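# Secondary and tertiary structure notes
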Amino acid sequence: MPAQYRKQKVKPRGVSNRNRALQWIRANATEGTLYFADDDNTYNLKLFEQLRHVRKVAMFPVGLISKYQVSSPIVKNGTITGFYDGWLGGRKYPLDMAGFAVSVKFLHSRPKAQMPFKPGYEEDGFLRSLEPLELKEVELLASNCTEILTWHTQARKNPPAPALDRKKYGGTNLVQLTSWLV
């Protein structure tokens, strides 16, 4: 981590490593999928099979994260209509780091894409650095974002998720998705 960020109260964790990985991929890979896996997550092997086929950018739900217990694109009729996350924070892409993947070929077409040193905005900043990117171009994995194939399982007790507002989210993937939560 660069020295100027070490003194901050809230530090941008893992950014140097991720940016170094991006540099290595650009120098050494021409195909495949970039996915920022984490040692405190649990993965269903189906996710990795799906990641093999990403053409540009893919998004999918992550379970056991935030006050809602899930972070996901909101999908209605096969289209992303927003994001469901316990902390929106003015982010264009309020997702967990484990909730998206990028094709290496697409990454090469965005040579300036990198992770910002801004705590809480790493994912959003990275996805913004891939622009131009329209939501209609994003591939929806995990059965159109109705399954949880990635679980944030770090040792922390989370309160129960609030009930889903069915008036607001009826007809979206969230109805089926929240049935996965205890």
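Residues numbered from 1 in each chain as written. Predicted model: local features only at pLDDT ≥ 70, side-chain atom pairs only at ≥ 80, totals over all residues. Heavy atoms only, no water.

Basically, it comes down to this: UniProt positions are given in the numbering used here, feature names are shortened, and annotations may be inferred rather than shown by experiment.
In the annotation of an unreviewed UniProt entry, the entry for the protein reads Galactosylgalactosylxylosylprotein 3-beta-glucuronosyltransferase, and the organism field reads Anopheles maculatus. According to UniProt, the comment filed for the protein under the heading Pathway (unreviewed entry) is "Protein modification; protein glycosylation." You can read under Cofactor (unreviewed entry) in the UniProt record for the protein the words "Mn(2+)".

## What to know about the side chain of Arg 91
As a reminder, the rule being used: The helix count covers DSSP runs of H or I at least four residues long, the strand count covers runs of E at least two residues long, and both are numbered beginning at the N terminus. Burial here depends on accessible area, computed with a 1.4 Å probe over protein chains only, as a share of the maximum for the residue type. Under 20% is buried, over 50% is exposed, and the range in between is partly exposed. Only heavy atoms matter for contacts: two residues are in contact if any of them lie within 4.5 Å across the pair.
Counting through the fold element by element, Arg 91 comes out in the loop between strand 6 (79–84) and strand 7 (100–103). Owing to a relative accessible area of 10%, Arg 91 belongs among the buried residues under this scheme. The contact partners of Arg 91, leaving out residues within four places of it in the chain, are Asp 85, Gly 120, Tyr 121, Glu 123, Asp 124 and Arg 128.

## Quick look at the pairing of strand 5 (residues 70–76)
Basically, it comes down to this: Two strands are said to pair when DSSP picks up at least two bridges between them.
With six of its seven residues buried, strand 5 lies for the most part within the structure. Pairing of strand 4 (residues 62–63) with strand 5 involves two bridges; the strand directions are antiparallel. What sits directly across from Gly 63, in strand 5, is Val 70. From the end of strand 4 to the start of strand 5, which pair antiparallel, there are six residues, and Leu 64 there has a positive phi angle of about 60°. In this structure, strand 5 lies alongside strand 6, joined through five bridges in antiparallel fashion. Bridging from a neighbouring strand, Ile 74 pairs with Gly 82 of strand 6.

## Notes on the UniProt feature "active site" (unreviewed entry) in the protein
Counted only if it meets this: Whenever a nitrogen or oxygen atom comes within 3.5 Å of another N or O atom, the pair is scored as a polar contact, on the condition that within protein one atom can donate a hydrogen and the other can accept it, and that pairs from neighbouring residues in sequence are kept only if both atoms are in side chains.
Per the UniProt record, "active site" (unreviewed entry) is found at Glu 123. Counting through the fold element by element, Glu 123 comes out in helix 5 (residues 122–128). Filtering out sequence-adjacent residues up to four positions away, Glu 123 remains in contact with Arg 91, Leu 95, Asp 96, Met 97, Phe 100 and Met 115. A polar contact is formed between the side chain of Glu 123 and the backbone nitrogen of Met 97, at a distance of 3.1 Å.

## Overview of the nonpolar core
If you look at soluble globular proteins, the nonpolar side chains tend to sit buried side by side. Under the convention used in this document: Definition of nonpolar core: a set of buried residues of the types Ala, Val, Leu, Ile, Met, Phe, Trp, Tyr and Cys, connected through side-chain atoms within 4.5 Å.
Counting residues in hydrophobic clusters, the biggest one holds 28 residues, and the most contacted among them are Met 59, Phe 100, Val 102, Leu 107, Phe 126 and Leu 130. Where this core is concerned, the elements lending two or more residues are helix 2 (15–28), strand 3 (57–59), strand 6, strand 7, helix 4 (104–108) and helix 5. If near-sequence neighbours (up to four positions away) are discounted, Phe 126 is found in contact with Leu 22, Leu 34, Phe 36, Phe 100, Val 102, Leu 107, Ala 113, Gln 114, Met 115 and Pro 116. Core analysis: the second largest hydrophobic core is formed by 13 residues, Tyr 35, Ala 98, Ala 101 and Leu 141 among them.

## So, the sheet that holds strand 7
Spatially, 1-7-3-8 is the arrangement adopted by the four strands of the open sheet, whose pairing is mixed. Edge strands, defined here as strands with exactly one partner in the open sheet, are strand 1 (33–34) and strand 8 (139–140). Taken together, the two bridges between strand 3 and strand 8 define a ladder with parallel strand orientation. Opposite Ala 58, over in strand 8, you have Glu 139 as the bridge partner.

## Side note on the UniProt feature "glycosylation site" (unreviewed entry) in the protein
Taking the UniProt record as the reference, the feature "glycosylation site" (unreviewed entry) is found at Asn 144. The residue Asn 144 is located in helix 6 (residues 141–145) in this model. For Asn 144, a relative accessible area of 35% translates into the label partly exposed. Among residues more than four places away in sequence, those in contact with Asn 144 are Val 75, Gly 78 and Asn 173.

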